[in-house]
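A structural walkthrough
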Amino acid sequence: MGVRGGGTPRIVVLAGGVGGSKFVLGAREALRRRGVAASADHLTVVVNTGDDLWLSGVRLQPDVDSITYALAGVNDTQRGWGRQDDSERVNAELQAWGAGWPWFTLGDLDLGTHLARTGWLRDGATPTRVLELMAARWDLGARLLPMTDAEVDTIVTVDEPETGPRPMHFQEWWTRHRASLRPLAFDNPGIEAAAPAPGVADAIAAADVVLVGPSNPVVSIGPILAVPGIRSALRHTDAPVVGVSPIIGGRVVRGMADVCLTAIGVETSAVGVAGLYGARSGDGVLDSWLVAQEDAAAVNAVRALGLDAHARPLWMTDPARSADIVDAALALAGV
Ligand code: FO1
């Protein structure tokens, strides 16, 4: 363990949207605390693209945008998605046309992002290149990589007593139905044939530490781990892999991850999620697992899974608190 060649660690974070962005802000802050000026050279974020969708002719990448906007300081912190101080004139016009989804709001500034992205994609750029172009607008202090360049949107099969099992896009299930329809399965069609985006496997291999952020284990971290090659990159890297529990006090901090966990037969607890990811000493991906102080009683059960486990404060109330969590994870990794 330790930093190869000494100096500043190269950190790779696997992340989803809201929780992922708060955690990534903490990782950047932790590097700044160490006096690192060019944090983009040391912080790579592998972002979930399983939430992506096509709507009204534009490509949306909610998790990519949440992290980009948060690092740029232009995110709407109240809603947790979209741009701060956005307006909704175009959205009102789309609704008047009966276009798009009536329950799904596209802010005007946010639409600028989707239009730019869609134009570049239509011109032949890969999602990796598009994210590079988008990230260049701001000094983000991190290198952002989509998990894959393939389109692998999440489809939820819901149980509807009247019609029987029915597939729907994850975003419809999440935003329209607020996860109230019982999910039977989450699938990312085509993911078996997907490859990690360029740079993802190399970043994991060259990392001094890999952090699995406190994002939704099923629909954020799950799709990243399901991209063929990423799980094996995690299992083979020399870097310690440290996960941060998204559960505090036996409950999910935000979102409806508990519904997702229940659907795949995993208990909503720090132990349940640790078991889902598994230990590298077995057939899983983690070496260490940070659980919330409120879940300290779970530490022994996590250790019994073959993981190094410690209880720490895990509330990400501001970047400084998130940086404390990242510092704790780096300490566990010995970097
Ligand atoms: N979430 C909502 O609950 N309602 C919305 O109208 C909505 C619009 C939206 C537009 C762009 C975008 O990037 C995200 C948006 N989200 C919205 C958030 C998003 O659906 C989910 O919270 C995440 O995908 C889950 O991580």
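Everything here concerns the structure above.
In this report, we go over the structure that sits alongside the text. Given the structure is predicted, the values throughout are model-derived calculations rather than measurements. (Residues numbered from 1 in each chain as written. Predicted model: local features only at pLDDT ≥ 70, side-chain atom pairs only at ≥ 80, totals over all residues. Heavy atoms only, no water.)

1. Some remarks on the sheet that holds strand β7 (residues 164-169)
- Spatial strand order, β7-β6-β8: 3 strands in an open sheet with antiparallel pairing. The outermost strands of the open sheet, each flanked by one partner alone, are β7 and β8 (183-187). Between one strand and the next, the sheet's axes are offset by a mean angle of 25°, whatever the strand orientation.
- The sheet contact formed by strand β6 (residues 155-160) and β7 spans 6 bridges and is antiparallel. Pairing of T157 across the sheet is with P167, part of β7. (Pairing = 2+ DSSP bridges. Helix = DSSP H or I, 4+ residues; strand = E, 2+ residues; numbered from the N terminus. Axes fitted to C-alpha atoms, helices over the stretch in contact; angles between N-to-C directions.)

2. Overview of the packing of aromatic side chains
- Inspection of the entire model under this criterion finds 7 aromatic pairs.
- Arranged with centres 6.2 Å apart and planes meeting at 50°, the rings of F170 and W173 form a pair that is tilted. Of this pair, F170 and W173 both sit in helix α6 (residues 170-176), 3 residues apart, which is roughly one turn of that helix.
- Between the aromatic rings of F170 and W174, the centroid separation amounts to 5.1 Å while the plane-to-plane angle is 35°, which identifies the pairing as tilted. (Phe/Tyr/Trp six-rings, centres within 6.5 Å; stacked < 30°, edge-to-face > 60°.)

3. Regarding the nonpolar core
- One finds L14, W173, Y277 and W289 to be the most contacted residues of the largest nonpolar core, which totals 56 residues.
- No other element matches helix α11 (residues 270-277), which puts 4 residues into this core.
- Inspection of this core shows a minimum of three residues originating in each of domain 1 (11-150 + 191-333) and domain 2 (155-187).
- With sequence-adjacent residues up to four places away left out, Y277 is seen in contact with V212, S215, P217, I221, L225, G284, V285, L286 and W289.
- Formed by 41 residues, the second largest nonpolar core is a distinct cluster that contains V209, L211, V326 and A328. (Core = buried A, V, L, I, M, F, W, Y, C linked by side-chain atoms within 4.5 Å. Buried < 20%, exposed > 50% of the residue type's maximum accessible area, 1.4 Å probe, protein only. Domains from an automatic or database assignment. Contact = heavy atoms within 4.5 Å.)

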